[in-house]
Protein chains: 2
Amino acid sequence: MEYYSADINRLVDELAALPGIGKKSAERMAFHIINLPADRVKRLSESITAAKEKARYCAECCTLTDAEYCPICANPKRDHKMIMVVENPRDLAAYEKTGKYGGVYHVLHGAISPMNGIGPSDLKLKELLERLKGDVDEVIIATNSSLEGEATAMYISKLIKPAGIKVTRIASGVPVGGDLEYIDEVTLLRAFEGRTEI
Amino acid sequence: MEYYSADINRLVDELAALPGIGKKSAERMAFHIINLPADRVKRLSESITAAKEKARYCAECCTLTDAEYCPICANPKRDHKMIMVVENPRDLAAYEKTGKYGGVYHVLHGAISPMNGIGPSDLKLKELLERLKGDVDEVIIATNSSLEGEATAMYISKLIKPAGIKVTRIASGVPVGGDLEYIDEVTLLRAFEGRTEI
C-alpha cells in the first residue's frame, strides 16, 4: 500500500487484527483516531497498556481483574457458597447485568474442545476443585449450550458429584447453539430459575 | 458496572467511543487485547500514538502522512499536472486501489455542508488554489456524489474555471448518494474514464 504513510498503514494493520474488525473499519477507526485531540489518543493508548499490564486472574474466581480479588469476590454481601461456573468474563458480565444473581462465579476461560486442542487441563478446573474444599452449597454450571459447553458441563458434573456437592445446570431457556453473552436478560433469568440437578 | 475491573471498564469505554464499535464489540476487543502477548499489546498501543504524533498534512496534497511529502507526491513517476480532488484520505486510497490512476491528488478533508457548519474556508481550498499557480493540465473533481459532494464540486469548478484550467468531474458511474470509499474498483474506473468537463 503506497497510499497511506507507514505509520498509518501500521495502525490500520494493528486495528484490522482485532476480532470483528475488517480492513474498511480499521481505516475508518485509524483516521478517526488521528483526528482526535492528542489527549484523547493518549488516553486510548494508555488504557490499552494499563488494562494489559494490570490484568490478572482473581485469586478466587479466576476472572480477569486488576486486584488480588475481583469486585464480586471482594463483596461480602454476595453468597460465597453459591458458585456459577462460566466460560469467560463476558458471560459473567451477562449474568451480572440481570442484577438478580447474588452468588459468586468461577471463570473457566474456555470450554473443552478436542477439535481445537483444548482439554480439561487448559481450563481453570484445578482452581475450581480447590474452592470446593471450602464451604460450598451449590455449583451452577452456566457454560454455553453449544457442543463444547455441554461437554464441559458434563465433565464438571462428573468431576464434582463424588464430593457430594449439589451441581445444577442452567435450564434450557437458553436456545441450543446460542452464545450466552448475546441472550436477553429475561431468558437468562428463566434459565437460572429453572436450573435442574445433574 | 461492577462486573469488570476499573481498567477493563476504561478500555471498553475507550474502544466503544470509536466509530462503528458498539458496547459488545468493545468488550470482545478488550478481552482479545488483554489475552494478546505483551509485545503485541505494546505494538498496538505504540502504533496509535505514533500515527497520531507523526501525522501531518502533505505539503503538496494535504493528505495525512508522516513526512513533508506523502508517498504519492514524492513519486516523480506520477503525473503532477493532473490533480484529483477528493474529500478525505480514504477516498484517495479508494482510487489508488484501482492501480490505474497516474496523477496526483488533493485532499479537501471534508465537503461543504452548511447544515454541519462546514464552509469553503474549512476545506483545504487555499492550498489547492496555491497549487494551481504552477503547471497544471487538469483538475478532476472526485468528491462524493452526495448533496455535499456535488455542492463542493460546483463550488470548486466555479472557483477554478476563471483561471483557464480544465476542470472535470468523475462520471456518474458512481451511484447517486453513494460513498466513494465503498464502491468497487470497476465502477470507480468507469467513472474516471467517463469524466466530463464542467
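Provided above is the structure to which this section pertains.
Thresholds applied
- All chains use their own residue numbering, which begins from 1 and follows the written sequence.
- By the order in which they are written, chains take letters starting at A while ligands take numbers starting at 1.
- With the structure being a predicted model, the display of local features is reserved for residues of pLDDT at least 70 and the display and counting of side-chain atom pairs for 80 or more, all residues being used for whole-chain, interface and lining totals.
- Heavy atoms from the whole structure form the basis of all side-chain values; hydrogens and water molecules are not counted.
- Between buried and exposed lies partly exposed: a residue is buried under 20% and exposed over 50% of the maximum accessible area for its type, with that area taken using a 1.4 Å probe on protein chains only.
- Starting at the N terminus, helices and strands are each numbered in turn, a helix being any DSSP run of H or I of at least four residues and a strand any DSSP run of E of at least two.
- The definition of a polar contact used here is a pair of N or O atoms within 3.5 Å, where within protein one atom must be able to donate a hydrogen and the other to accept one, and adjacent residues in sequence count solely through side-chain atom pairs.
- Between two residues, a contact is recorded if the distance between any of their heavy atoms is within 4.5 Å.
- A least-squares fit on C-alpha atoms brings the copies together, and the residues used are those whose pLDDT is at least 70 in both copies.
- The working definition used for a salt bridge is a side-chain nitrogen of Lys or Arg within 4 Å of a carboxyl oxygen of Asp or Glu.
- Strands pair, by our definition, only if DSSP identifies at least two bridges between them.
- Stacked, tilted and edge-to-face are the three classes assigned to paired rings of Phe, Tyr and Trp, where Trp is represented by its six-membered ring and a pair needs centres within 6.5 Å; plane angles under 30 degrees give stacked, over 60 edge-to-face, the rest tilted.
- The criterion for a charge sitting over a ring is simple: Lys NZ or Arg CZ within 6 Å of the ring centre, and within 35 degrees of the ring normal.

The subject of this paragraph is helix 4 (residues 89-96) of chain A. Residue and element names in this part refer to chain A. Where burial is concerned, most of helix 4 is hidden: 8 out of the 8 residues are buried. For helix 4, the full list of buried residues reads Pro89, Arg90, Asp91, Leu92, Ala93, Ala94, Tyr95 and Glu96. You can read the cap of helix 4 off the contacts: a side-chain oxygen lies 2.9 Å from the backbone nitrogen of Arg90, and it is on Asn88.

To continue, consider the environment of Asp7 of chain A. Structurally, the position occupied by Asp7 of chain A is in helix 1 (residues 6-16). Given a relative accessible area of 10%, Asp7 of chain A falls into the buried group. The spacing of Asp7 of chain A and Asp135 of chain A is 128 residues in sequence and 55 Å in space, taken between C-alpha atoms. Beyond its immediate chain neighbours, meaning those up to four positions away, Asp7 of chain A contacts Ala50, Ala51, Lys54 and Asp66 of chain B.

Before going further, it helps to spend a moment on unusual backbone geometry. Excluding glycine, residues mostly have negative phi values, and the peptide bonds linking residues are mostly trans. In this model, His109 of chain A sits at a positive phi of 60 degrees, which is unusual for a non-glycine residue. Note on placement: His109 of chain A falls in the loop between strand 4 (103-107) and helix 5 (125-132). Even without a glycine there, the phi angle at Cys62 of chain B is positive, about 70 degrees.

Moving on to the relation of the copies chain B and chain A. The transformation that overlays chain B on chain A combines an axial shift of 0.0 Å with a rotation of 179 degrees, and the residual RMSD is 0.1 Å. The operation mapping one copy onto its partner corresponds to a two-fold rotation axis. Across chain B, the rotation axis passes nearest the C-alpha of Ser45 of chain B, at a separation of 2.4 Å. Of the interface residues in chain B, 100% have counterparts in chain A that sit at the interface too, so the contact is made through matching surfaces.

Another point: the pattern of salt bridges. Here the structure, examined in full by the defined rule, presents 20 salt bridges over all chains. Between Arg131 of chain B and Glu60 of chain B there is a salt bridge whose closest N-O contact spans 3.6 Å. You can see Arg131 of chain B sitting in helix 5 (residues 125-132) and its partner Glu60 of chain B sitting in the loop between strand 1 (56-57) and strand 2 (64-65), a full 71 residues away along the chain. On the accessibility criterion, Arg131 of chain B (11% relative accessible area) is buried. Linking Glu130 of chain B and Lys133 of chain B is a salt bridge whose minimum nitrogen-to-oxygen distance equals 3.3 Å. One exposure class covers both Glu130 of chain B and Lys133 of chain B, and it is exposed. When salt bridges with common partners are traced through the structure, they connect Glu14 of chain A together with Arg40 and Arg43 of chain B into a single cluster.

The sheet contact formed by strand 5 (residues 138-141) of chain B and strand 6 (residues 166-169) of chain B spans 4 bridges and is parallel. Directly across from Ile141 of chain B, in strand 6 of chain B, lies its bridge partner Arg169 of chain B.

Let's shift gears to the packing of aromatic side chains. Residues and elements named next belong to chain A. Applying the stated criterion to the full structure yields 4 aromatic pairs over all chains. Ring centres 5.1 Å apart and planes at 65 degrees place the aromatic pair Tyr4 and Phe31 in the edge-to-face group. One end of the pair, Tyr4, is in the segment before helix 1; the other, Phe31, is in helix 2 (residues 23-35), with 27 residues separating them in the sequence. Just as Tyr4 is buried, Phe31 falls in that class too. When the ring centre of Tyr57 is taken as reference, the NZ or CZ atom of Lys124 above it lies at 3.9 Å.

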